[in-house]
Amino acid sequence: MADSNEMAPGRARREVKECVRYEVDVPAETIAASRRTVAALPSAVDRPRLAGVTDAGVPGFLYLPHYLSAEEQSAVLAAIEGDTSVDWSDAFETRLQKHWGWAFVYECGQIVGGEAAPPAPALLLEVLAERFVADGLVATPPNQVLANKYMPGNGIGYHVDRIDLFGDVIIGVNLVVPTKFTLKSVAEPEERVSVVMAPGSVYVLSGEARFGWRHGITRKARLYKRFRRAPELLPDEPWRVSLTFRDVLEAT
Ligand SMILES: O=C(O)CCC(=O)C(=O)O
Ligand SMILES: [Fe+2]
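Computed from a predicted model, the values in this text were never measured in an experiment.

### Examining the sheet that holds strand S7 (residues 144–150)
Part 1 of the reasoning: A sheet is described by the order of its strands in space; here six strands give the open sequence S3-S12-S9-S14-S7-S4, paired in antiparallel fashion. For this open sheet the edge positions go to strand S3 (61–64) and strand S4 (95–100), each flanked by a neighbour on one side alone. The mean inter-strand angle of the sheet, taken between neighbouring strand axes irrespective of direction, is 15 degrees.
Part 2 of the reasoning: The pairing of strand S9 (residues 170–175) with strand S12 (residues 201–205) spans five bridges and is antiparallel. Note on S12: the bridge partner recorded for valine 173 is valine 202.
Part 3 of the reasoning: Contacts between helix H4 (residues 122–134) and the sheet are confined to S4, S7, S9, S12 and strand S14 (240–246), with S14 contributing the most and set at about 60 degrees to the helix.

As structure tokens, this is what we get:
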């Protein structure tokens, strides 16, 4: 399966002459074993944060609209902004990133290197990662947390997270701005499914959704262009923040 990752910074793209493509076949058993299902989760009566969970028709995908309360969202955002152990990096022109647990160097649209990074703030590990395990979203706490902070209107290109670098379950948290998240089947590119993710919602990519579908967020071109042209004219336009929890295979 052809596997792509996010856009690279323009500067790095010019410096690298040849882009490496990563082709990895994932055995059907691995895909089936990693698949999370709505039916296997604990009861939403006992855990209201699981209310309304759906797979939106994509096996292995889970969307949990009510995962974080308003207070928890504020606390998580404060933890992301307040953590001074890592700086926001600007490897991409369109968004800022903080990596905890494991950091990456990007070139040519690909991750080309990695190194150990400081642990994520306790709130992200002890509240979120542990809760993901307790709720059955993933078997063990992910060893990497990535915060992305997107310029107003900006999205992320359609991609499968690198299957040679990352484990088989990926969990994302959407914060600040409601966002249309779209999955496109790799085998049937016309087949696509979107959910509008609420602030405080969580999604899980496992099984087919992890390995056989691309995911991405289409840019709102007008807003994005206006912001890029004159950010001082849009001072109150919020920046979307997301968290991605993954297992970096090299780090284990
Ligand atoms: O911002 C998001 O929700 C998506 C992030 C993502 O796809 C990634 O980090 O690989
Ligand atoms: Fe991704």
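The rest of the description comes next.
### Observations concerning the site of ligand 1
Part 1 of the reasoning: Taken together, 14 residues lie near ligand 1, and Tyr150, His159, His215, Arg240 and Ser242 sit nearest.
Part 2 of the reasoning: Tyrosine 203 is positioned such that a nitrogen or oxygen atom in its side chain is 3.4 Å from an oxygen atom of ligand 1.
Part 3 of the reasoning: Isolated, ligand 1 exposes 300 Å² of accessible area, and the fraction of that covered by the protein chains is 99%.
Part 4 of the reasoning: Given that more than half its atoms are within 2 Å of the pocket grid, ligand 1 belongs to the largest cavity.
Part 5 of the reasoning: Within the residue set of the shell around ligand 1, elements represented by two or more residues are S7, strand S8 (156–159), strand S13 (213–217) and S14.
Part 6 of the reasoning: The greatest single-element share of the shell around ligand 1, amounting to four residues, is contributed by S14.
Part 7 of the reasoning: Counted by class, the shell around ligand 1 contains five nonpolar, five polar and four charged residues.

### Remarks on the sheet that holds S8
Part 1 of the reasoning: Spatially, S8-S13-S10-S11 is the arrangement adopted by the four strands of the open sheet, whose pairing is antiparallel. The sheet is open, and its two borders are formed by S8 and strand S11 (192–197), each paired with just one other strand. Averaged over all pairs of adjacent strands, the angle between their axes in this sheet comes to 15 degrees, without regard to strand direction.

### A closer look at the coordination of the iron ion (ligand 2)
Part 1 of the reasoning: Around the iron ion (ligand 2), the protein contributes the donor atoms His159 (NE2), Asp161 (OD) and His215 (NE2), which lie 2.1 Å from the metal centre.
Part 2 of the reasoning: On the primary sequence, the residues serving as donors to the iron ion (ligand 2) are separated as H-x1-D-x53-H. With respect to burial, histidine 159 and aspartate 161 carry one shared label: buried.

### A look at the environment of tryptophan 213
Part 1 of the reasoning: Residue placement: tryptophan 213 occurs in strand S13.
Part 2 of the reasoning: In this structure the C-alpha to C-alpha distance between tryptophan 213 and histidine 159, which are 54 residues apart in sequence, comes to 8.2 Å.
Part 3 of the reasoning: Discounting residues that sit within four places of it in the chain, tryptophan 213 has contacts with Val58, His159, Val160, Leu183, Lys184, Ser185, Val186, Glu191, Arg192, Val193 and Glu208.

### As for the confidence of the model for the protein
Part 1 of the reasoning: With 89% of its residues at a pLDDT of at least 70, the protein reaches an overall mean of 90.
Part 2 of the reasoning: Residue range residues 1–17 is modelled with pLDDT below 50. Its contacts to residues more than four positions away, or to other chains, number 56 contacts.

### Describing helix H3 (residues 70–82)
Part 1 of the reasoning: With 13 residues, H3 extends 18 Å from end C-alpha to end C-alpha; this agrees with the ideal 18 Å at 1.5 Å per step.
Part 2 of the reasoning: Along H3, the positions that sit buried rather than exposed are Gln73, Val76, Ala79 and Ile80. In an axial view of H3, the angular spread of the buried residues amounts to 125 degrees, which keeps them on one side of the axis. Residues Ala70, Glu71 and Gly82 are exposed on H3 and point more than 90 degrees away from its buried face.

### Section: the packing of H3 against H4
Part 1 of the reasoning: Look at H3 against H4: their axes get within 10 Å of each other, and the N-to-C directions meet at 130 degrees. The orientation of H3 relative to H4 falls into the category oblique. On the side of H3, the interface is formed by Glu72, Ala75, Val76, Ala79 and Ile80, while H4 contributes Leu123, Leu124, Leu128 and Arg131.
Part 2 of the reasoning: For the contact of H3 with H4, the residue count by class is seven nonpolar, no polar and two charged.

### Digging into the pattern of salt bridges
Part 1 of the reasoning: As enumerated under the stated definition, the model contains seven salt bridges in all.
Part 2 of the reasoning: Among the salt bridges present, the one from aspartate 135 reaches arginine 49, with a minimum N-O distance of 2.7 Å. Taken together, the residues aspartate 135 in the loop between H4 and S7 and arginine 49 in the loop between helix H2 (28–34) and S3 connect sequence positions 86 residues apart.
Part 3 of the reasoning: Residue class for aspartate 135 comes out buried when judged on its relative accessible area of 0%.
Part 4 of the reasoning: A salt bridge links glutamate 72 to arginine 131; the nearest nitrogen and oxygen atoms lie 2.7 Å apart. Taken together, the residues span a long stretch of sequence, with glutamate 72 in helix H3 and arginine 131 in helix H4 at a distance of 59 residues.
Part 5 of the reasoning: By relative accessible area, glutamate 72 is classed as partly exposed at 25%.
Part 6 of the reasoning: Judged by its relative accessible area of 13%, arginine 131 falls in the buried class.

Cut-offs applied
- Residues numbered from 1 in each chain as written.
- Chains lettered and ligands numbered in written order.
- Predicted model: local features only at pLDDT ≥ 70, side-chain atom pairs only at ≥ 80, totals over all residues.
- Heavy atoms only, no water.
- Pairing = 2+ DSSP bridges.
- Helix = DSSP H or I, 4+ residues; strand = E, 2+ residues; numbered from the N terminus.
- Axes fitted to C-alpha atoms, helices over the stretch in contact; angles between N-to-C directions.
- Contact = heavy atoms within 4.5 Å.
- Near = heavy atom within 4 Å.
- Polar contact = N/O pair within 3.5 Å; in protein donor to acceptor, adjacent residues only side chain to side chain.
- Areas by Shrake-Rupley, 256 points an atom, 1.4 Å probe, with all protein chains shown as cover.
- 1 Å grid on protein atoms, 1.4 Å probe; cavity = no way out; pocket = protein on both sides within 12 Å on 5 of 7 lines; lining within 4 Å.
- Sits in = over half its atoms within 2 Å of the grid points.
- Nonpolar A, V, L, I, M, F, W, Y, C, P; charged D, E, K, R; others polar.
- Donors = N, O, S within 2.8 Å, 3.2 Å for Na, K, Ca; no water.
- Buried < 20%, exposed > 50% of the residue type's maximum accessible area, 1.4 Å probe, protein only.
- pLDDT = per-residue confidence, 0-100.
- Expected span 1.5 Å × (residues − 1).
- Arc of directions from axis to C-beta.
- Parallel < 35°, antiparallel > 145°, perpendicular 65-115°, else oblique.
- Salt bridge = Lys/Arg side-chain N within 4 Å of Asp/Glu carboxyl O.

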